[in-house]
2 protein chains.
Amino acid sequence: MEWLNEPCRVLDNAAAAEARERQAQLTKPAGALGDLEDIAIRLAGMQQRGHPAVDKVHISVFAADHGVAEEGVSAFPQAVTTQMVHNFLNGGAAISVLAKELGATLEVIDVGLKNPVSHLGLISQRVADGADNSTQQAAMTEWQLGLALQAGFDAVERAHANGAELFIGGEMGIGNTTAATALYCALLDLPPLEVVGPGTGLDQAGMLHKVKVVQRILNLHRHYCHKPLEALRRMGGFEIAALTGAYVRAAQWGIPVLVDGFISTAAALIATALQPAVSDWLFLSHTSGEPGHVFAVAELKQRPLLELGMRLGEGSGAAVAVPLLRMACALHNRMATFAEASVTGKL
Amino acid sequence: MEWLNEPCRVLDNAAAAEARERQAQLTKPAGALGDLEDIAIRLAGMQQRGHPAVDKVHISVFAADHGVAEEGVSAFPQAVTTQMVHNFLNGGAAISVLAKELGATLEVIDVGLKNPVSHLGLISQRVADGADNSTQQAAMTEWQLGLALQAGFDAVERAHANGAELFIGGEMGIGNTTAATALYCALLDLPPLEVVGPGTGLDQAGMLHKVKVVQRILNLHRHYCHKPLEALRRMGGFEIAALTGAYVRAAQWGIPVLVDGFISTAAALIATALQPAVSDWLFLSHTSGEPGHVFAVAELKQRPLLELGMRLGEGSGAAVAVPLLRMACALHNRMATFAEASVTGKL
């Protein structure tokens, strides 16, 4: 896991300054494109060019099962993790439809399904037959943690090799809002009652039960709550670890990342705790409908681009935000300046 | 103006119900796509089909000058209205770039520039050489109001003839945040100090001056503040009237409308005051960076799709929201159902 400590790429401040200067010359009042201006300027600094682009988008969806699902914390049965992997690959899931709309590369990685899948399109990087039940023991061993992080590293290597201009990580794993909730509580010092939400659709009684399960996880691992990697190993899951590795690696290569929702942001919390500079490379795509998400958003000190009440995961919220980045680039690159259009400037 | 009273098309509740039923069967937890589900269901009801689409987008930008610009209420000189019309037509403005990104039809209509423009691409439907100064007299005569409303009617007729699945109105007119602010204050009973914002970039002193100008407008026309058409005639502008006419006509034809920001929403207030059923056909695209916009949004009882701090006009905020509608349709139409994908449902 030594690669985790390699430094992140440094933003190109000259390219960002050039982009900021250009924004001031485009035919619009200063600041009138709002956040779209900041997006273009940030992307310029990330991509070391005054005219940024996010045409090539790489989406990696990591799927794994969770032993904690045994505790009855999800509204859906565990078999759905594997069934949805088939759905991803067959084009019927939300992220499949969105990837096609965007012309994005979509890959699906099995990092630890309980029931292995045979499908030509699947990348198999199985760590184990699901993570262990974190109410009873650590979710994974150190060796397994290393393998799961490596799966994220490898996905970003593929993205880089393909010339990706934007990386999106997605996840699937019945039980993973429980794992992510435990990580939120551990890393941000929050009581479970404030963070637990309905996940895939629990009712009030189900959420109260989930609060108790999360509390049991926190009690068992209470001495490791503030050590990001150890908290991840004990309370997380293989797909959350893979996302963590992917975010760190993307920052090391200097590939902009669009973070999805509740689960993905848990990985972003860990990645930025390991290396604060990772946050330079992250855009938060949306505020999740899962109510606890706002706590992680506040910690990351960025306003998400969208707030549509989405709470699906798979990378779907991030995919929905891609056109905003593309339009920010189009406006930045193709609008005329005051001089070019012979438009008089501000009085 | 009798056409203003023709009834709006009635939503197809059966198609909306069919769409709602389909949403419940798609491979995701119920409600997990948040507002995107509601968008697809609303569009189905508007388009009388279970599988809605917004591929064909028609954007009409109405440009006109304002006599009230003489009062020094804008950070930009009045000549910019005409200069920007050239910029729209030559492809250098924000809305030009966005329309091209979206594959949308973009038309620019002169409804009353002070300085006429000769350009092959321009639609000329000039009401006058700019509206009159509303601090001293009504902005327009009744005859002129009728012509300006008709320009919006005609734009929607063209959109309908072209098979548009979505209509966006945009505007350009130096001084028009002052006109729109006066209309907000008149129709919503608000003091100017609460509604006036920087527009294209006024400083604090400029905004205080603008408050006084708006107050003078309201004082002069105080007996007509609650009569929507008469308020529009006295305090509005030709482009705001054209947008009003366009929104009413779109609702009569049953074409979904994506409303832009501060100025456009003034037109939406008037259109819905004339016929409340117009609101069935409107989507609010974004919350403007112009601070007073929230008052009109509250009156229209819809949550805008985006909040990016945009405050440019031209229809640009609405254009930026188009991909959300398209992705809502793509997800709705192309995701697999639980049965199709053999995914187990909720426990």
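Everything numeric here is computed off the predicted structure, so don't read it as measured data. (Residues numbered from 1 in each chain as written. Chains lettered and ligands numbered in written order. Predicted model: local features only at pLDDT ≥ 70, side-chain atom pairs only at ≥ 80, totals over all residues. Heavy atoms only, no water.)

### Some points on helix 2 (residues 35–47) of chain A
Residues and elements named next belong to chain A.
Okay, so step 1: Helix length check: helix 2, at 13 residues, gives a terminal C-alpha distance of 18 Å against a target of 18 Å (1.5 Å per residue), a fit within 8%.
Okay, so step 2: Across the 13 residues of helix 2, 10 count as buried, placing the element largely inside the fold.
Okay, so step 3: Restricting attention to buried positions, one finds in helix 2 the residues Leu36, Glu37, Ile39, Ala40, Ile41, Leu43, Ala44, Gly45, Met46 and Gln47.
Okay, so step 4: Positive phi appears at Gln48, one or two residues downstream of helix 2, with a value of about 55°. (Helix = DSSP H or I, 4+ residues; strand = E, 2+ residues; numbered from the N terminus. Expected span 1.5 Å × (residues − 1). Buried < 20%, exposed > 50% of the residue type's maximum accessible area, 1.4 Å probe, protein only.)

### Looking at the interface of chain B and chain A
Okay, so step 1: With 56 residues of chain B in contact, the opposing surface of chain A contributes 56 residues.
Okay, so step 2: As a salt-bridge pair, Arg334 of chain B and Glu101 of chain A come within 3.2 Å of each other at their nearest N and O atoms.
Okay, so step 3: For the pair chain B and chain A, the number of links is 20 residue pairs in polar contact (both at pLDDT 80 or more).
Okay, so step 4: Sorting the residues of the side of chain B that touches chain A by element identifies helix 2 (35–47), helix 3 (79–90), helix 4 (94–102), helix 13 (316–334) and helix 14 (338–341) of chain B as the ones contributing at least two each.
Okay, so step 5: Here the side of chain B that touches chain A takes nine residues from helix 13 of chain B, the largest share from any one element.
Okay, so step 6: Looking at side-chain class alone, the side of chain B that touches chain A contains 32 nonpolar, 14 polar and 10 charged residues. (Contact = heavy atoms within 4.5 Å. Salt bridge = Lys/Arg side-chain N within 4 Å of Asp/Glu carboxyl O. Polar contact = N/O pair within 3.5 Å; in protein donor to acceptor, adjacent residues only side chain to side chain. Nonpolar A, V, L, I, M, F, W, Y, C, P; charged D, E, K, R; others polar.)

### Looking at the side chain of Gln125 of chain B
Residues and elements named next belong to chain B.
Okay, so step 1: Tracing the chain through its elements places Gln125 in the loop between strand 3 (122–124) and helix 5 (142–161).
Okay, so step 2: Among the polar contacts made by the side chain of Gln125, one reaches the side chain of Asp154 at a distance of 2.5 Å.
Okay, so step 3: Discounting residues that sit within four places of it in the chain, Gln125 has contacts with Ile109, Asp110, Val111, Gln150, Ala151, Asp154 and Arg158.

### Here we look at the confidence of the model for chain A
When pLDDT is low, close inspection of the predicted coordinates is not appropriate.
Okay, so step 1: Chain-level pLDDT for chain A is 97 on average; 100% of the residues reach the 70-or-more range.
Okay, so step 2: For this predicted complex, the interface confidence reaches an ipTM of 0.98, while the overall pTM sits at 0.98. (pLDDT = per-residue confidence, 0-100.)

### Side note on the nonpolar core
Okay, so step 1: In this structure, Leu258 of chain A together with Leu258 of chain B are the most contacted members of the largest nonpolar core, which totals 266 residues.
Okay, so step 2: Excluding its chain neighbours within four sequence positions, the residues that come into contact with Leu258 of chain A are Leu166, Phe167, Ile168, Gly169, Phe283, Ser285, Leu305, Ala318, Ala321, Val322 and Leu325 of chain A. (Core = buried A, V, L, I, M, F, W, Y, C linked by side-chain atoms within 4.5 Å.)

### What to know about the packing of aromatic side chains
The description of an aromatic ring pair uses the distance of the two centres, along with the angle that the planes make with each other.
All names here are of chain A.
Okay, so step 1: Summed over all chains, the structure comprises six aromatic pairs over all chains.
Okay, so step 2: Aromatic side chains Trp3 and Phe153 sit 4.7 Å apart centroid to centroid with 65° between the ring planes, which places their arrangement in the edge-to-face category. Of the two residues, Trp3 is situated in the segment before helix 1 (13–25) and Phe153 in helix 5 (residues 142–161); the sequence distance between them amounts to 150 residues.
Okay, so step 3: For Phe153, a relative accessible area of 14% gives the class buried.
Okay, so step 4: Lying across the ring of Phe283, Arg42 places its NZ or CZ 4.4 Å from the centre. (Phe/Tyr/Trp six-rings, centres within 6.5 Å; stacked < 30°, edge-to-face > 60°. Lys NZ or Arg CZ within 6 Å of the ring centre and 35° of its normal.)

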